[in-house]
Amino acid sequence: MTKSIIPPLIFFALCLIGLPLVLSALWVKVVTSAAIFALAAAGISVLFAQLGLINLAQIALVGVGGWIALRLNYGTALPVTLIIAIAGIATSVIGAALALPALRMRGLYLALVTLMAAGAFQILFNAFQFPNGGEGFWGVARQSAADLRPPLMVQSDAGYLRYTIVITALCFGLVALHRVTAPGRAWAMIRQSEANAMAAGINVTFYKIWAFALSGLLAGVAGGLLSTALGQLDARSFLASEGILLFALAVVGGAYSWVGAVIAGVLYKLLPALLNDFGVSADIALVIFGAALLHAIMTAPRGIAGQLSGALQRKPA
Amino acid sequence: MKLQFTLATGAAALCLALTGTNATANGHAASCGLNTGEAATGAPIKVGGINGNAPPGDFSGGTDAAAAYFACVNANGGINGRPIDYLVENDQWNPELAGQVATKLVKDEGVVALVGNGSVVSMAVNAGLYKDEDVMVMASGCAISECYESSNIVSTNQGPLPSGIGALTYAVEELGTTNAACIGFNIPNNGGWACDWMEDFMSSQGLSGTSILMDPTAVDLNSVYLQAIAEGADTILLMLPAGPAIGLLKVAEEQGGRDLFTWVSPTPLYEPGVAEVLGDYWNDNLYIHIELAPFDSDGADNQNWVKVMDAYGQPDDRRDTFSQSGYISAKFFVEALLELDAESIDRATVSAAIRGITDAESDLLCAPYYVGDADRHMPNHAGRMVSYTGGAFEVVRDCFDIESSYLDPIRAQEAALGIGQ
Amino acid sequence: MVYGLFLVSGLAVGSLYALGGIGLVILRNSTGVLNFAYGAIAAFSAMFAWQIADWGLPGVVSWIAAVATGIALSVAYGRLIAPSLAWREPAVKAIATLGYMLILLGLIGFIWDDALRKIELPSDKAAISVLGVRVTLTRIIAFTVSIAAVIIMVQYLRRSHTGLNMRALADNRDHAALLGIPIVKTETLAWGISGALAGFTGLIFGSLVRLEPTVITFMVIPATAAAICGRLTSLPLTLAGGLFIGVAESMLTLYKPAAPLRTMAPFVIAALVILWMQRGQKLTFAKEA
């Protein structure tokens, strides 16, 4: 176990020190986005890999976390890091509440429930919009958006990238901790057979809700990070179709390891930006993603991450 | 391979027809910058531009026209010998991408200014960046409050607020409007902002107005139209980009709604390709407020715009109001830069030169253009009214200004600068 | 009068949801695939029909092209990709169609720029007045086709030999294979019928609502809501669900506080239906759909 945490630690340390130094201003922003959505994708992976549950509403939960963070940033004087933590916890409660009807389902019907939730949140975000410094509960003024407070000690985009990498790494650590402790073992048994898990004395309901809460936490933290990164949020960023896309990329990247979530974040934000920079239409990215999803489902269930580690292991040491 | 599209070809054909007569009539080449006829060869000056081109709207006309004008300037002596290197990015209506491309232009490329910008999301995301980096933006196709309420953004087009109120002014005075419904996107700094001020205008006139704010991704325009019926309004103001506005007009046509309401719209519906999509049903029943001169105006700047686009534009460039606006923004920008010593051009001198623009005249605009050093800018708030008559648009009222308390700070600036006195 | 207006308008929108839902259910019944790419197939067909008309070919050719494109795209997936997933669980089959959806959506964006377009149908001009609302022939066609599709399919499944095969496949694929039912042929037929409906829906949707590929592609989400109302299996209930959702959505417009939220109707109704279907089940032991 101690061995397995070394590669991710090295990876995050390298990113933390190296990336802000070598990247130009544009790529600092892009990589920040990619790191944030890697976090959201990790939430999808928890449900998919540990319990076989399909969640198409993760982007909607990112929006919920972002909404809470914006509301608190405008409405209170709390430090931004605390706001992001509150956004994560509140979103995890909402994620767990959404899980209640899902407890009796899995497979296709659960996917459909999350799709309906994603559709409903899309309408909610559009109807009520994201806070922009206005009065009242919804905090929306029909005017230009007010300024947001950045986190303490973060003055630049590069500083915010470091801040994002640290929080992302901490959250990945939290997921890893779950995998090797009681929840991870419980999830593994539930995935095998709910009846057996129950017979073994595992509280199936509790651990299922726990998984949804963890996934929601990651989405909420991602939303909080995103709101401060962009300075404001737009309802059009949280469409149901984006939830479908992020799920597809989490599967393509590989749901069974942290590398997969990183790949998903990179594919979701970095690849389109690269194509855009080369002047290639972003539509091409969609075609690639679609083909990659089909490929992953048909022949590579562990995704790109699985194929990478497979290739590494086959190499004689 | 890209296929050809009716709208682009239609627009191009229309412009060809327009220029065909004019080009043969006076036969002069386009006039740009120093007009030396010799290509500029000095160190390039980097200038940026951001447009938004993705559903639900194409706002690329401004940067297309600015690119054409800069190409023409570069072929005619440049900025005292230095060519303009014009870098255009598309934000695809995506706030994240908008932040990224602006950072790239302003920080990585170090552009001296941005010209011809046309987007709904980019200005909202980047107003703070422009201010922090003190880079000026001479926008051309703006539709949100940030474009008119920021120290570093000045837009040549009016945006929905003045143009919408202008359309309503005409409707109230000439068409007997007493109760207007403003249909706009439910985006706080776009539809919400413009429709709010429209309601304010109606109540200041002792009349009533309501807002119907729709989801920009709404599928069913029919129910938006029915909502307008349920409101009991006598006039519909289409505070929307051209695409959704046309969709709504189609729904109304299907329901036979032409005579149920008075139909008015701000500038976006004034587009060369619109006749092809709308057909004859709306003839003489649709009134549009236009922010700049009509496309077929004989004015020198309008004619030169056509020539520049013919000679230096791309065949698929849109030739809409944003295009005119991009041309005139680029022209004022170049005129301001030509005042500077070519060697001293950097962001600080360019920002100061842009702020120094006052009383710049053009036949494309109803009133002089100016920038000045202020916390908000809206130099263009007077326009004309046209009536849709199928194949063509007919001017039914020449230049008129609007009455709105929104303009109070703007009028104070104008008084201080001695403009329009 | 005003209620009639909203009722008729709601039925018109609802019949589009129902048309989509019916196409989904027909396919799911015989192949077990919930096809999320249905909307993308519809969008591609509508754009292709527009392209044909834009090339100056007569209207009839473009409408036939829409239906033919729908069939071709649907059958292509059914023959090339679906068989290798035939024995996987339903959720995986559905997720795989998301991949196809992304591919088609990317291709559409690549081939056709964003521009103002519209599809003219001759039936747009003819209209009758129902409850004070002018209803075009196109809307009447959409409404009647959705009802006719249900009646014809129900009769077809009940009476014809291939229909019997489809029902057998739906009940138990393994047993059907053992009985010597030609699985490939039967499934191809189902993909074809569903594709034809997708092409038709895309054409009507592009004409009635908006010819915008992303909008048509993601109409699959409310169409799925209609299909859920039919428990993903019943055609008549899907039709009823689609129409009910359309009318509910339209009527909500009249109540101003709810008006901005009216488009949530499909999702709320579908979620309620799912919850109701799960009633009485024990808390744990989640079931595969």
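See the structure printed just above.
Within each chain, residues carry numbers counting from 1 in the order of the written sequence. Think of it this way: whatever chain is written first is A, whatever ligand is written first is 1, and the rest follow in order. Only residues with pLDDT of 70 or above have their local features reported here, since the model is predicted, and side-chain atom pairs are shown and tallied only from 80 upward, although totals for entire chains, interfaces and linings are computed over all residues. Hydrogen atoms and water are omitted, and side-chain values are computed over all heavy atoms in the structure.

Glancing now at the packing of helix α7 (residues 221-231) of chain B against helix α1 (residues 2-31) of chain C. Orientation of α7 of chain B relative to α1 of chain C, taken along the N-to-C sense of each, is 175°, at an axis distance of 11 Å. Accordingly, the angle class assigned to the pair α7 of chain B and α1 of chain C is roughly antiparallel. Here Asn-222, Leu-226, Gln-227, Ile-229 and Ala-230 of chain B of α7 of chain B lie close against α1 of chain C, whose contacting residues are Leu-5, Phe-6 and Ser-9 of chain C. Classification convention: Asp, Glu, Lys, Arg as charged; Ala, Val, Leu, Ile, Met, Phe, Trp, Tyr, Cys, Pro as nonpolar; all other residues, Gly among them, as polar. Among the residues making up the contact of α7 of chain B with α1 of chain C, the classes are represented as five nonpolar, three polar and no charged. Angles run from 0 to 180 degrees between N-to-C directions of axes, and those axes are lines fitted to C-alpha atoms, restricted for helices to the stretch in contact. Secondary structure elements are taken from DSSP: a helix is a run of H or I of four residues or more, a strand is a run of E of two residues or more, and numbering for both begins at the N terminus. Roughly parallel covers angles under 35 degrees, roughly antiparallel covers those over 145, roughly perpendicular covers 65 to 115, and oblique covers all other angles. When checking whether two residues touch, look at their non-hydrogen atoms; a contact exists if any pair is within 4.5 Å.

Attention now goes to the interface of chain C and chain B. In this complex, chain C contributes 37 residues to the contact, which on the side of chain B involves 36 residues. The term buried area refers to how much accessible surface (probe radius 1.4 Å) is lost by two components on association, counted for both of them together. Surface buried jointly by chain C and chain B totals about 3,200 Å² across both partners, of which 53% is contributed by carbon and sulfur atoms. By convention in these notes, a salt bridge is any Lys or Arg side-chain nitrogen within 4 Å of a carboxyl oxygen on Asp or Glu. The interface formed by chain C and chain B contains one salt bridge. The salt bridge involving Arg-139 of chain C is made with Glu-254 of chain B; its shortest N-O contact spans 2.4 Å. By the criterion applied in these results, polar contacts are pairs of N or O atoms within 3.5 Å in which, for protein atoms, one can donate a hydrogen and the other can accept it, and in which residues neighboring in sequence qualify only through two side-chain atoms. Taken together, chain C and chain B are joined by four residue pairs in polar contact (both at pLDDT 80 or more). Taken together, the elements giving at least two residues each to the side of chain C that touches chain B come down to α1, α2 (38-54), α4 (90-111), β2 (133-136), α8 (183-208) and α11 (235-252) of chain C. Broken down by element, the residue count for the side of chain C that touches chain B peaks at four residues, all from α1 of chain C. Of the residues belonging to the side of chain C that touches chain B, the class tally is 17 nonpolar, seven polar and 13 charged.

Let us look at the interface of chain C and chain A. A common way to report how large an interface is uses the accessible area buried once the components associate. At the junction of the two partners, chain C supplies 52 residues and chain A supplies 44 residues. Taken together, both faces of the contact between chain C and chain A bury some 4,100 Å²; the carbon and sulfur share is 81%. Counting the contacts that link chain C with chain A gives zero salt bridges. For the interface between chain C and chain A, the tally reads one residue pair in polar contact (both at pLDDT 80 or more). Put simply, the parts of the chain that give the side of chain C that touches chain A at least two residues each are α4, α10 (220-229) and α12 (265-277) of chain C. For the side of chain C that touches chain A, the leading source of residues is α4 of chain C, giving 17 residues.

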